[in-house]
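Read off the chains here:
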Amino acid sequence: MGQDTSHLQERMTIVGDLKAASFIPWIRRHAAKLGLSHTISHASSMRIELELSGPEDLIDMMEVGCSLGPIDVWVESIERTAMIGETG
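From a predicted model like this one, the values you see are computed outputs, not experimental measurements. (Residues numbered from 1 in each chain as written. Predicted model: local features only at pLDDT ≥ 70, side-chain atom pairs only at ≥ 80, totals over all residues. Heavy atoms only, no water.)

**Q** Would you mind going over the pairing of strand S3 (residues 47–55) in detail, with residue names and values included?
**A** Bridge count for strand S1 (residues 7–17) against S3 is nine bridges, and the pairing is antiparallel. Across the sheet, the residue bridging to Gln9 is Ser53, located in S3. The pairing of strand S2 (residues 37–43) with S3 spans six bridges and is antiparallel. Considered in S3, the bridge of Thr39 is made with Glu51. Adjacent in sequence and paired antiparallel, S2 and S3 are bridged by three residues. (Pairing = 2+ DSSP bridges. Helix = DSSP H or I, 4+ residues; strand = E, 2+ residues; numbered from the N terminus.)

Structure follows, in structure tokens:
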């Protein structure tokens with residue numbers, strides 16, 4: 001089959017010792033590099049919630065990037081929730 005070019009909209013909840021002051025700019029830069037639309041709906045030192053829109057493989061890349069994160073954060077878990085179901 002051909003490449004999947006469908007766009008998803010997901011909420012990503014990141015939990016850990018996040019030091020939001022440095023992680024938020026990092027998230028914004030990383031999402032922009034991947035070409036993902038993103039909105040941060042909650043940010044604290046223990047939890048960040050962001051909404052992402054784009055191709056599934058790029059959202060997967062964002063998840064991997066966030067799990068590794070910058071050196072001054074510790075990500076314990078990442079939960080992804082679809083905001084709009086796939087059609088097709």
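**Q** Run through the nonpolar core, naming residues and quoting values.
**A** What tends to happen in soluble globular proteins is that the nonpolar side chains get buried as a cluster. Ile14, Phe23, Ile27 and Met62 are the most contacted members of the largest nonpolar core, which totals 22 residues. When contributions to this core are tallied by element, the ones reaching two or more residues are S1, helix H1 (20–34), S3, helix H2 (56–68) and strand S4 (74–84). The leading source of residues in this core is H1, at seven residues. Every residue in contact with Ile14, bar those within four places of it in the chain, is listed here: Phe23, Ile27, Met46, Arg47, Ile48, Leu50, Cys66, Val75, Ser77 and Ile78. (Core = buried A, V, L, I, M, F, W, Y, C linked by side-chain atoms within 4.5 Å. Buried < 20%, exposed > 50% of the residue type's maximum accessible area, 1.4 Å probe, protein only. Contact = heavy atoms within 4.5 Å.)

**Q** Before we move on, can you summarise the packing of H1 against H2 with the specific residues and values?
**A** Direction vectors running N to C along H1 and H2 enclose 150 degrees, while the axes themselves pass 10 Å from each other. The orientation of H1 with respect to H2, classified from their angle, is roughly antiparallel. Crossing hand, H1 versus H2: right-handed. Facing H1, whose interface residues are Phe23, Trp26, Ile27, His30, Ala31 and Leu34, H2 presents Leu58, Met61, Met62, Gly65 and Cys66. Partitioned by chemical class, the residues of the contact of H1 with H2 number nine nonpolar, two polar and no charged. (Axes fitted to C-alpha atoms, helices over the stretch in contact; angles between N-to-C directions. Parallel < 35°, antiparallel > 145°, perpendicular 65-115°, else oblique. Left-handed = near helix turned anticlockwise from the far one by under 90°. Nonpolar A, V, L, I, M, F, W, Y, C, P; charged D, E, K, R; others polar.)

**Q** Give a description of the packing of aromatic side chains that names residues and reports values.
**A** Taken as a whole, this structure holds one aromatic pair when the rule is applied. Considering the side-chain rings of Phe23 and Trp26, the 5.5 Å spacing of their centres and the 35 degrees angle between planes classify their relative orientation as tilted. Here Phe23 and its partner Trp26 are both found in helix H1, three residues apart, which amounts to about one turn of the helix. You can call Trp26 buried: its relative accessible area is 18%. (Phe/Tyr/Trp six-rings, centres within 6.5 Å; stacked < 30°, edge-to-face > 60°.)

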